[in-house]
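# Structural overview
Here are the chains, one letter per residue:
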Amino acid sequence: MTFAQRAKWRFYVLFAVLAAAFALLGFMGREIYRHAPPIPQAVVTADGKTIYTEDDILQGQLVWQSIGGQQLGSIWGHGAYQAPDWTADWLHREALALLDVMSRAQFGRSTEQLGPGQLSQLEAALKPAFRHNTYDAQSGNVVVSEERALAIAQTALYYQQLFGGDPTWHELRESYAMTTTTVSDPERLRVLPAFFFWTSWAASTNRPDQEVTYTNNWPHEPLIDNRPSGENLAWSLVSIVLLLASIGGVVAWRAYAPEPEPEVRPPATDPLLAIRLTPSMRALGKYVGVVTLLFVVQVLLGAVTAHYTVEGQSFFGFPLAEYLPYSLSRTWHIQTAMFWIATAFLAAGLFVAPILGGREPRFQRLGVNVLFGALLLVVFGSLAGEALAIHQKLDLGSSFWLGHQGYEYTDLGRLWQIGLFTGLVLWLVLMLRGLWPALRARAATRTLVLMFTGATVAVGLMYGAAFFVTAKTHLSVMEYWRWWVVHLWVEGFFEVFATATLSLLFAKLGLVEARHAGLAVIASSAVFLFAGIPGTLHHLYFSGTPTSVVAVGATFSALEVVPLTLIGWEAVHTLRLERRSPFMVRYRWPIRFFVGVAFWNFLGAGVFGFLINPPIALYYMQGLNTTPVHAHTALFGVYGLLALGLCLVIARRLGGAQEWNERPLAIGFWCMNVGLGLMVALSLLPIGVAQTVASVDHGLWFARSAEFLQQPWLQELRWARIVGDTLFLIGVGAYAWFLVGLVTRHSYRPAKRNTEVLNPAPAE
């Protein structure tokens, strides 16, 4: 079979994989729409007294979004980890309140005064009071008893006092890193508990004719017998067995791979130096500068956010939360991370496009500069809007459009989302203009160019999934589309784009055979996307979705880990590229960043990802500090290091033939990687494990409670994070100092040494 035929068949396989995977994801989306927990027209008592209306619940959702939403505590396990999960917290508090109401009605005294027999009698009646489904599809109403209505009122009063600034709960607010008055408007305070109640109702009420709740019995709450379902355990076992079998298959395939990579004779000098810098390529220097600036700001915000876990309203005694509350610092921390990583990828694409196309399209530099201005507008406009929303300076409608949507990773207001998508479409147009000559040519790199172009189109358009969500979209449906953005756009097609970009760079440097690399990119993309697209559902086990989501999500998310078993080989292979030609000494630190990507891809995305992926694990771990273990090591360790390495490649070519003073890069690389490891090992992972034990023993509410997290030994673990954080900050400072030095010239060595590097002695 000729190379062209092999490439054609691999493309056919890739297209079939994409079609099947998206068809399955689309079908499951239809099921999520059909089986989402109903939002009742009204919650009423048996005698017809209205407690909450549908509008109250939806308005409460808007209030929750405006104060930061998932950046202040979590709902259904998704969100921040400092304040409680409001679903689990409401469920536990309402259950205790109902027990007390029933105790006073039946025995004339509180539950604390009851004997074990009387308490057991009440607890036996508690489960059906919550689990029995009283939703009437015809009227659209949920009917509750008078006793439960009283318990709901008592629980709602607590939340109104907590969010409204009542002095009674000052210490608790500080433990939760909440501002003194999170919500000041009385009407907003009235409807906010309605939304919390509804999320708890869905988590504690059985689906019609089933013995599992709308959230598949999540969260763990012994009081109402919320425990893992049989399907949860069964599909967890299936996922583990499937993972082990697939890893064995991949290792066997690798051991007997029939087609070894062909050897290439690399050039003696740097091929990129022979490529003329176009005006649009030169204009990318400011992109690298903004990436560096946002990176520094992002990690400083991360340090502030981490400190709020030990000193909830202050920063070493200074009342910083009055100006920069936890919900805002965490919003900005996540948003700036997305912005600088995405900007680095966009810059890398714009840098590679003219190299592949061989020419500069007319007005390309103007387009690059317009895109840069649009990105700045979106970045700073969205950050300002989020601040106004969290400080409650916007009405609820304006908050959604200009301020804060309330959803982690997609927080920015709708207007800024439109601006970001417009910028991505502009970037896509610029990329296609630059790539057009390469797409028409029949060069050896054609397969790589086609994969690079396909990934470019996906990156440019996939963010559009965010627009399937409106201000009052059902929470289950919102989570479905949000993970299209977070999992598919970021973790899926950005990874394909990065793989194709690195392969093209190595091919242009003459280090790999272009045609073989093209076939490898198609194969790796097919394997990754086959698992990754339906694997999106592993984020949705307990988001008001049917049990079929657990089955599909568990099966395919296990397969996502399989390609990562080859990471060790990829890391060794990448290191060998550095030694193939003397000129590669110029790229040794970008390559080390790429090797770091391989390491964290295995540990962060693979090991720590699978730690929380099986349904039985996530049932107890969702919303605990085991999640940021995976998030930090995968987002920064993989995409962050990759973005920083790509910026170094751009800076290397923009700087010409001059030799770098690389000591700051060495300090930056090792401090960031070791600091990230210590952050996880000394703090996040031990806290997450301790929370998991508490979640198994007592329930999620306890694992997220101030009672548990404010224990002295856990506070010491939180303080221990400062070791890794400080080392990480030193690394960030060294990296930024180096890039600033490319402008001020202190990061270059004297020209005399450049001659020695660029004109090495002939090999003997």
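Okay, so let's go over this structure. (Residues numbered from 1 in each chain as written. Predicted model: local features only at pLDDT ≥ 70, side-chain atom pairs only at ≥ 80, totals over all residues. Heavy atoms only, no water.)

## Overview of the packing of aromatic side chains
Scanning the model with the defined rule gives 54 aromatic pairs in all. When the ring of F542 is compared with that of Y619, the centres are 5.8 Å apart and the planes differ by 80 degrees; the resulting orientation is edge-to-face. One end of the pair, F542, is in the loop between α17 (514-535) and α18 (547-560); the other, Y619, is in helix α21 (residues 615-621), with 77 residues separating them in the sequence. A relative accessible area of 1% places F542 in the buried class. Relative to Y620, the ring of Y619 has its centre 5.0 Å away and its plane inclined at 85 degrees; by these criteria the two rings are edge-to-face. The buried category is assigned to Y619, whose relative accessible area is 1%. For Y620, a relative accessible area of 17% puts it in the buried group. Over the ring of Y158 we find R93, and its NZ or CZ is 3.9 Å from the ring centre. Over the ring of W589 we find R592; its NZ or CZ atom is 5.1 Å from the centre of that ring. (Phe/Tyr/Trp six-rings, centres within 6.5 Å; stacked < 30°, edge-to-face > 60°. Helix = DSSP H or I, 4+ residues; strand = E, 2+ residues; numbered from the N terminus. Buried < 20%, exposed > 50% of the residue type's maximum accessible area, 1.4 Å probe, protein only. Lys NZ or Arg CZ within 6 Å of the ring centre and 35° of its normal.)

## Observations concerning the environment of V44
Along the chain, V44 falls in strand β1 (residues 42-45). A C-alpha to C-alpha distance of 5.0 Å links V44 and V143, two positions 99 residues apart in sequence. Not counting residues up to four positions away in its chain, the partners in contact with V44 are K49, T50, I51, N141, V142, V143 and V144. (Contact = heavy atoms within 4.5 Å.)

## A few points about the sheet that holds β1
Read across the open sheet, the four strands follow the order β2-β1-β6-β5; overall the sheet is mixed. Each of the sheet's edge strands pairs with one partner strand only, and the pair in question is β2 (50-53) and β5 (135-136). Note: β1 against β2, three bridges, orientation antiparallel. The residue of β2 that forms the bridge with V43 is Y52. Helix α7 (residues 186-204) rests against β1, β2, β5 and β6 (141-144) of the sheet, and its axis sits at about 85 degrees to β2. (Pairing = 2+ DSSP bridges. Axes fitted to C-alpha atoms, helices over the stretch in contact; angles between N-to-C directions.)

## A short note on unusual backbone geometry
With an omega of 5 degrees, the peptide bond between W218 and P219 qualifies as cis. Counting through the fold element by element, P219 comes out in the loop between α7 and α8 (230-255). Notably, D225 is not glycine yet its phi reads approximately 65 degrees, a positive angle. For D225, the location among the structural elements is in the loop between α7 and α8. We classify D225 as partly exposed; its relative accessible area is 31%. The phi dihedral of F316 is positive, around 50 degrees, even though this residue is not glycine. You can call F316 exposed: its relative accessible area is 53%.

Geometry only, nothing functional implied.
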